[in-house]
Amino acid sequence: MTEIVHVPLGDRAYEVRVGPGLIGRASAEIAPLLARPRVAILTDANVAPLHLAPFQAALERGDIASSALTLPAGEATKGWAEFSRAVEWLLAEKIERRDVVVALGGGVIGDLGGFAAAVLRRGVRFVQVPTTLLAQVDSSVGGKTGINAPQGKNLIGAFHQPSLVLADTAALDTLPPRDLLAGYGEVVKYGLLGDAAFFGWLEKNGPALATGDPQARLHAVRRSVEMKAEIVARDETETGDRALLNLGHTFCHALEAATGYSARLLHGEGVAIGCALAFELSARLGLCSQEEPSRVRAHLKAMGMKCDLADIPGDLPGAEALLGLMAQDKKVVDGRLRFVLARGIGAAFVTDQVPPEAVRTLLSDALAAA
Ligand code: GLY
């Protein structure tokens, strides 16, 4: 039941394998990449108790030796301190240029592990084994690696493509429901940005996916990865179309900053609210009918997801302050904010022609309703 998505990037091309049970088959999957039968694994304290022993046992069955470093779980790990710890551990483990580093975990471990691999001995190969829905459909694919700076998220990093991604959809069974739904925010994003039929499929099958239907999970991860692979192949380093993947993210980043990157708002929850706001803005700018944002919100609500500013616990700053936070976004070019807007579900585009006044009014109205 493994499905394979190719990421066609010339000499950096790789496969994303999606399906249940891949962790248990790790040795057969990874062995062809290895110059010698050993790997170093980076993971975190949430993932290790669930998946590290089965992963290492699977490697051992194929006579692949492994050692593992378990970092603390959480976004705070994605900084210089744990990053240098990881790199120095890899050096202490005598990981050589031809060796392979494995990132076993969610987005934090994937981003940090990928960046460690990018700089270790000027670059070693790495395998992503994403264990969260968010990491399976987004962060493990496409080669964005890095850590956070005091000045903002993901400001230090490198493009470094993995050599292989193993998305074991059975690992999603161990995810807390809130994390699963947050990751689903990124899945919905793919339908909204470029595949109306997929969004329709999600409207029908999203509830089954949330409650654990393995076929629905497999299909949603595979289709999301396929869309991401296609966009990354067109624009690996985000000079153009890759920015489509940031649908909802300009709003999301401001909301994450306003809530202190805390448990008040998970990234995927911010993406879902951001997508709803981006569609609302598109309708107000006359790009699509009001029915489109209504349909987006209806689906998020039906899934029990956050979709309004009112769904974020605690106080938010005013519209002006949120606009100020948006101006810190990496996507600002020459002081102009770049938004991903839509002419309808499945028809997103990137623009820097958004009047700040329209965003201010949208945010004021959304805050007033909160
Ligand atoms: N997560 C957005 C990207 O990979 O470009």
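Refer to the structure presented above.
A. Molecular detail of the packing of aromatic side chains. Within this structure, the stated rule accounts for 4 aromatic pairs. On the numbers, 4.6 Å between centres and 20° between planes, the contact of Phe-83 with Phe-115 is stacked. On the criterion of sequence distance, the pair formed by Phe-83 in helix H3 (residues 80-92) and Phe-115 in helix H4 (residues 107-119) is long-range, its members being 32 residues apart. The pair Phe-83 / Phe-115 is uniform in exposure class, with both members buried. Considering the side-chain rings of Phe-251 and Phe-339, the 5.5 Å spacing of their centres and the 50° angle between planes classify their relative orientation as tilted. Remark: Phe-339 occurs in strand E10 (residues 339-342) and Phe-251 occurs in helix H9 (residues 249-258); sequence separation between them is 88 residues. Side by side, Phe-251 and Phe-339 carry an identical accessibility label, which is buried. Grouping aromatic residues by their ring pairs yields a cluster made of Trp-80, Phe-83 and Phe-115. A cation over a ring is seen here: Lys-189 above Tyr-190, with NZ or CZ 4.9 Å from the ring centre.

B. Molecular detail of the pairing of E10. Side chains Phe-339 and Leu-341 project from E10 onto one buried face, and the interleaved Val-340 and Ala-342 project onto a second face that is buried too. Hairpin geometry of E10 and strand E11 (residues 348-351) is characterised by an intervening segment of 5 residues between the two adjacent antiparallel strands and by a positive phi of about 155° at Gly-344.

C. Seen up close, the sheet that holds strand E4 (residues 65-71). Spatially, the 7 strands line up as an open sheet ordered E1-E2-E9-E6-E5-E3-E4, and their pairing is mixed. Looking at strand neighbours, the two that pair on one side only are strand E1 (3-7) and E4, the edges of this open sheet. Averaged over all adjacent pairs, the angle separating strand axes in this sheet is 20°, with direction ignored. Bridging between strand E2 (residues 14-19) and strand E9 (residues 164-168) involves 5 bridges; their strand directions are parallel. Bridge pairing in E9 places Val-16 opposite Val-165.

D. Layout of the site of the ligand. Taken together, Asp-138, Lys-144, Lys-228, Glu-238, Arg-242 and Leu-245 make up the full set of residues adjacent to the ligand. Taking Lys-144, its side chain carries an N or O atom lying 2.9 Å from an oxygen atom of the ligand. When the ligand is considered free in solution it has 200 Å² of accessible area, and contact with the protein chains removes 88% of it. For the shell around the ligand, a count of residues per class yields 1 nonpolar, no polar and 5 charged.

So, how was this worked out
Chains are numbered independently. Their residues run from 1 in the order of the written sequence. Totals for whole chains, interfaces and linings use every residue, but because this is a predicted model, local features are given only for residues with pLDDT of at least 70 and side-chain atom pairs only at 80 or more, for both listing and counting. Based on all heavy atoms of the structure, the side-chain values leave hydrogens and waters out of the count. Side-chain rings of Phe, Tyr and Trp, where Trp is taken by its six-membered ring, are said to pair if the distance between their centres is within 6.5 Å; with planes under 30 degrees apart they count as stacked, over 60 as edge-to-face, and otherwise as tilted. Runs of E in the DSSP output that reach at least two residues are strands. Runs of H or I that reach at least four are helices, and both are numbered from the N terminus. Only protein chains enter the accessibility calculation, which uses a 1.4 Å probe; a residue whose area is less than 20% of its type maximum is buried, one above 50% is exposed, and one in between is partly exposed. Two conditions define a charge sitting above a ring: the NZ of Lys or the CZ of Arg must be within 6 Å of the ring centre, and it must be within 35 degrees of the ring normal. Here, strands pair whenever DSSP counts at least two bridges between them. Only the stretch in contact is used when fitting a helix axis, every axis being a line fitted to C-alpha atoms; angles between N-to-C directions are given from 0 to 180 degrees. Near is defined per residue: the residue qualifies when any heavy atom it owns lies within 4 Å of the molecule or strand. Any pair of nitrogen or oxygen atoms within 3.5 Å is treated as a polar contact; in protein, a donor-acceptor pairing is required on top of that, and neighbouring residues in sequence qualify only through side-chain atoms on both sides. Methods summary: accessible areas were calculated by the Shrake-Rupley approach with a probe of 1.4 Å, and residue burial reflects only the protein chains presented. Think of it as three bins: nonpolar holds Ala, Val, Leu, Ile, Met, Phe, Trp, Tyr, Cys and Pro, charged holds Asp, Glu, Lys and Arg, and polar takes everything else, Gly as well.

That is the geometry; function is a separate question.
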